[in-house]
Amino acid sequence: MAALLSIQGLSISFGGLTALSDFSLEAPAGAITALIGPNGAGKTTALNCVSGVLKPDAGAVSLDGRPVLGLAGHQLARRGLTRTFQNLQVFGRMSVLENVMVGLHGASRREFGAAMLRLPGVRPEERAIGERAWEVLEFFGLAAQAGQPADQLPYGDQKRVELARALAARPRLMLLDEPVAGLNPAETDALGSLIVKIREQGVGLVLVEHDMSLVMRVSDQVAVLSGGRLIAFGPPSQIQADPEVIRTYLGGGEEFGLVA
Ligand SMILES: Nc1ncnc2c1ncn2[C@@H]1O[C@H](COP(=O)(O)OP(=O)(O)OP(=O)(O)O)[C@@H](O)[C@H]1O
Ligand SMILES: [Mg+2]
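Structural notes, computed from the coordinates. (Residues numbered from 1 in each chain as written. Chains lettered and ligands numbered in written order. Predicted model: local features only at pLDDT ≥ 70, side-chain atom pairs only at ≥ 80, totals over all residues. Heavy atoms only, no water.)

As for the packing of helix H6 (residues 155-168) against helix H7 (residues 185-200)
Next, step 1: Two elements in contact, H6 and H7, have axes whose closest approach is 11 Å; the angle formed by their N-to-C orientations is 5°. With respect to H7, the axis of H6 lies roughly parallel. Here H6 contributes Gly156, Arg160, Leu163 and Leu167 to the contact with H7, which in turn contributes Glu187, Leu191, Leu194 and Ile198. (Axes fitted to C-alpha atoms, helices over the stretch in contact; angles between N-to-C directions. Helix = DSSP H or I, 4+ residues; strand = E, 2+ residues; numbered from the N terminus. Parallel < 35°, antiparallel > 145°, perpendicular 65-115°, else oblique. Contact = heavy atoms within 4.5 Å.)

Digging into the coordination of the magnesium ion (ligand 2)
A four-donor tetrahedral metal ideally has 109.5 degree angles, and a six-donor octahedral metal ideally has angles of 90 or 180 degrees.
Next, step 1: Within the protein, the atoms that donate to the magnesium ion (ligand 2) are Thr44 (OG1) and Gln86 (OE1), at distances of 2.0 to 2.1 Å. You can see threonine 44 sitting in helix H1 (residues 43-50) and its partner glutamine 86 sitting in the loop between strand E6 (81-83) and helix H3 (96-104), a full 42 residues away along the chain.
Next, step 2: You can call glutamine 86 partly exposed: its relative accessible area is 33%. (Donors = N, O, S within 2.8 Å, 3.2 Å for Na, K, Ca; no water. Buried < 20%, exposed > 50% of the residue type's maximum accessible area, 1.4 Å probe, protein only.)

With respect to the sheet that holds strand E8 (residues 204-208)
Next, step 1: Read across the open sheet, the 6 strands follow the order E6-E7-E8-E3-E9-E10; overall the sheet is mixed. At either end of the open sheet lies a strand with only one pairing partner, and these are E6 and strand E10 (229-234). Neighbouring strand axes in the sheet, compared pairwise and without regard to direction, differ in orientation by 15° on average.
Next, step 2: Note that strand E3 (residues 32-36) and E8 share 4 bridges and pair parallel. Opposite threonine 33, over in E8, you have valine 206 as the bridge partner.
Next, step 3: The sheet contacts of H1 involve E3, E6, strand E7 (173-177), E8 and strand E9 (221-226), and relative to E7 the element is tilted by about 145°.
Next, step 4: On top of the sheet, H7 reaches E3, E7 and E8; it is set at about 150° to E8, its chief contact. (Pairing = 2+ DSSP bridges.)

Here's the deal with the environment of threonine 188
Next, step 1: Turning to its location among the elements, threonine 188 is positioned in helix H7.
Next, step 2: Classification of threonine 188 as buried rests on a relative accessible area of 9%.
Next, step 3: Expressed as a C-alpha distance, the spacing of threonine 188 and glycine 156, which sit 32 residues apart in the sequence, is 9.0 Å.
Next, step 4: Apart from residues no more than four positions distant in its own chain, threonine 188 is found in contact with Val180, Leu183, Asp211, Leu214 and Arg217.

Looking at the pattern of salt bridges
Next, step 1: Applying the stated criterion across every chain yields a total of 5 salt bridges.
Next, step 2: In this structure, arginine 172 engages aspartate 64 in a salt bridge whose closest nitrogen and oxygen atoms are separated by 1.9 Å. Here arginine 172 is found in the loop between H6 and E7, whereas its partner aspartate 64 is found in the loop between strand E4 (58-63) and strand E5 (66-67), with 108 residues between them in sequence.
Next, step 3: A salt bridge links aspartate 157 to arginine 160; its shortest N-O distance comes to 3.1 Å. Separated by 3 residues within a single helix, aspartate 157 and arginine 160 lie in helix H6, roughly one turn from each other. (Salt bridge = Lys/Arg side-chain N within 4 Å of Asp/Glu carboxyl O.)

Here we look at the pairing of E8
Every other side chain in a regular strand lies on the same face of the sheet, so the side chains alternate between the two faces.
Next, step 1: E8 sits mainly inside the fold: 5 of its 5 residues count as buried.
Next, step 2: In this structure, E7 lies alongside E8, joined through 5 bridges in parallel fashion. Note on E8: the bridge partner recorded for leucine 175 is valine 206.
Next, step 3: What joins E7 to E8 is H7, and the crossover it makes is right-handed. (Right-handed = clockwise from strand over helix to strand, strands pointing away.)

Take a look at the structure:
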């Protein structure tokens with residue numbers, strides 16, 4: 001069976017800098033594929049190429065065997081691919097509930113605004129959108145904050161709002177760029193468990209993360225990028241013991257809990 005997400009030979013340069021070089025990766029459904037590597041390794045660039053933010057110089061990306069390179073975010077969401085961003089992207093003045101509903105209008109903020117302006121009467125699809133948004137808020141423990149402006153929530157809650165928006169559209173594949181960055185250990189633990197629950201729903205996840213204890217706890221397979229190249233790929237136990245990975249990334253490793 002074909003992988004849910006298949007990335008083949010992605011390359012992209014910015015001026016003289018090669019950010020990704022012939023990068024290939026497959027991510028199955030119902031599994032967590034971690035993408036790790038030092039700062040500047042090309043992890044976010046890879047997600048940006050897959051999600052249509054950047055146009056690679058070479059390579060191909062397919063979802064369920066169908067090419068997706070060049071599709072915009074809302075088209076990808078309809079195909080079942082959503083993402084979150086390394087830099088928090090919530091609409092600060094909108095309520096938490098509205099932030100999640102944006103993910104269900106499957107489109108830009110502008111379309112969402114138009115939907116909100118169709119005031120008289122709530123159409124059936126909008127009722128369904130509301131119901132789904134509440135369901136996802138409950139899943140993320142955010143129902144009590146539904147009516148609050150998103151920017152009044154603590155940072156950790158805002159990170160969950162962004163994830164809730166990405167999950168609302170019932171994606172088959174989610175790309176998460178450092179979902180626990182800036183969270184405290186308890187929040188990290190809780191979010192790790194939610195990510196595992198999302199996998200249990202059959203969703204495939206690509207998890208870019210520097211928190212190695214989280215990566216090793218939840219991942220089914222780990223890909224390691226360094227200088228835009230894939231230097232290792234395998235199950236977490238193998239990656240933890242890989243001499244090149246230790247040298248290039250996990251080197252000063254006590255902080256990652258990887259060196260005895
Ligand atoms: N739009 C861009 N224009 C120019 N250079 C870029 C652009 N995007 C990324 N780069 C460069 O490409 C390289 C890879 O960056 P990228 O953001 O993918 O790294 P990363 O692995 O996500 O790092 P981090 O762990 O710090 O988030 C870096 O040298 C970065 O400066
Ligand atoms: Mg990054």
